[in-house]
Amino acid sequence: MCSSDLVVDELTYRMQAVLYAGGRLGDRTMPPWHAGTEPFTIITRAGFTGKYLPGEPLVQLWGALVGLPALAHVPVAALTLWAFHRSLAAFARETRELATALLAISPMFVLTGATGLSHTTSLACVTLALLGLTFVREGAAVCGAAIAGSALGFGLLVRVQSVAPFGGVLGLWTLASLVRARRWDGVAVLLLTGGLGVAAILAYDGAISGDPLRLPWFLFRPVEHYGFGEVFSEGPSWEHTPGQAVVNLVVTAIRFNGWWLGWPLGAAMLVPVVALRRPGDVGRLAPLLAASAGLLLFNLGYYSTGVSDTGPVYAFELLLPASLLGAGALVRAAHRWRWVVPAVAVHVALGTGSFWLEHAWRLDRLASAIHTRSERVLAGLPDHSMLFA
């Protein structure tokens, strides 16, 4: 678990978590010349704070106080694995167990969870939304609606740019299932619980910016524009084009192929015709495939693929359909060829195992390179010092 931050996002979540632990939305004690020095800290009506919504800082609150911001990601990841396994109840036992195992051993899943990034929490939220949809399909309309709505509502507070396109599809699928079943009580619960998350965002925006419809990251200038055309409202010229969107998609696919399981050609298992054994599997997998398409289409409009050191995290939610499709492909192959099981064991031991060791070591070296000298300098400063960087 990383106690040293690797990217500025982690510092920002930690900063907001510490502020919330002290009962504050912002820091009014920071000097005014700090404004505008970097795009992750914003000046607001409540003082200086991070540019993110409060969901992930609230999750990290207690961990940040003891120097391990990602501490809460341990139970969050465990909850994700349980919810994913339970949400696959309609699939064969061997498929759902193997799918859960593939998710659990993914270097991208584990190493990202060991950082202070928000993707582990957002993945938990969309997985719980999938679980809620499963309960609705099984006839537990009110319970399923409450789980899906609450998960999506909180997920919007955590990472709206992932939960809205991916989880939103699952939410609409849940709503359609409730309407078809004429479960109006479930519809009401879904809209109410999900609406609470939207209301929380509006309230936070209002407290920070004075405008309920103005998200915090729009308080920093230059403002990033979503979509094709000029990215920044002022300053550096950077144009996002459809061609660049295709390049970003290819880069994401290449990185996902490696980071999902650490296998050279792991993505070959993601072709549905290879992975699905029974005709009914297509319908059961449809919500996840539609949600994945929603996320990929949304990401086409963003100019960056992200700068994470633990894989293509902007596609983090795709770990769910990838694990299910991969499990289906392996189960289907194992039923046909005896050599598949030992071959998979070798791939896990050598491929996934070596990938884990290599990148855990790399991340440790990276954290040391970033923090060792600065921490030595800070430790040597006398009390009441002012540091100019």
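Everything in this summary refers to the structure shown in the same document. (Residues numbered from 1 in each chain as written. Predicted model: local features only at pLDDT ≥ 70, side-chain atom pairs only at ≥ 80, totals over all residues. Heavy atoms only, no water.)

Considerations on the pattern of salt bridges
Between side chains of opposite charge, pairing is possible as soon as their charged atoms come close.
Part 1: The tally for this structure, following the rule as stated, stands at five salt bridges.
Part 2: Two residues, Arg 24 and Asp 27, come together in a salt bridge whose shortest N-O distance is 3.6 Å.
Part 3: Residue class for Arg 24 comes out partly exposed when judged on its relative accessible area of 38%.
Part 4: You can call Asp 27 buried: its relative accessible area is 13%.
Part 5: Residue Arg 183 pairs with Asp 185 through a salt bridge whose shortest N-O separation is 2.9 Å.
Part 6: You can call Asp 185 partly exposed: its relative accessible area is 37%. (Salt bridge = Lys/Arg side-chain N within 4 Å of Asp/Glu carboxyl O. Buried < 20%, exposed > 50% of the residue type's maximum accessible area, 1.4 Å probe, protein only.)

Here's the deal with helix α8 (residues 184–209)
Residues spaced three or four apart along an α-helix point in a common direction, a consequence of the helix completing one turn every 3.6 residues.
Part 1: Compared with the 38 Å implied by 1.5 Å per residue over 26 residues, the 37 Å span of α8 between its first and last C-alpha is a close match.
Part 2: Looking only at α8, the buried set comprises Gly 186, Val 187, Leu 190, Thr 193, Gly 194, Gly 197, Ile 201, Tyr 204, Asp 205, Gly 206, Ile 208 and Ser 209.
Part 3: Buried residues in α8 make contact with α1 (8–21), β1 (41–44), β2 (47–50) and α7 (141–180). (Helix = DSSP H or I, 4+ residues; strand = E, 2+ residues; numbered from the N terminus. Expected span 1.5 Å × (residues − 1). Contact = heavy atoms within 4.5 Å.)

Some points on unusual backbone geometry
Part 1: Notably, Arg 182 is not glycine yet its phi reads approximately 55°, a positive angle.
Part 2: With respect to the secondary-structure elements, Arg 182 resides in the loop between α7 and α8.

Looking at the pairing of β1
Part 1: Bridging between β1 and β2 involves four bridges; their strand directions are antiparallel. Bridging across to β2, Thr 44 finds its partner in Gly 47.
Part 2: Taking the residues that link successive antiparallel strands as the turn, the β1-β2 hairpin has two residues. (Pairing = 2+ DSSP bridges.)

Describing the nonpolar core
One broad rule of soluble globular proteins: the nonpolar side chains tend to lie buried together.
Part 1: By size, the foremost hydrophobic cluster in this structure holds 57 residues, and its most contacted members are Phe 166, Phe 256, Trp 260, Leu 319, Leu 320 and Leu 324.
Part 2: Residue contributions to this core peak at nine residues, all from helix α12 (residues 319–336).
Part 3: Dropping the residues within four chain positions of it, Leu 324 is found in contact with Phe 84, Leu 88, Phe 91, Thr 95, Ala 99, Leu 285 and Leu 288.
Part 4: Counting residues in hydrophobic clusters, the runner-up holds seven residues, among them Val 136, Ala 141, Ala 145 and Leu 190. (Core = buried A, V, L, I, M, F, W, Y, C linked by side-chain atoms within 4.5 Å.)

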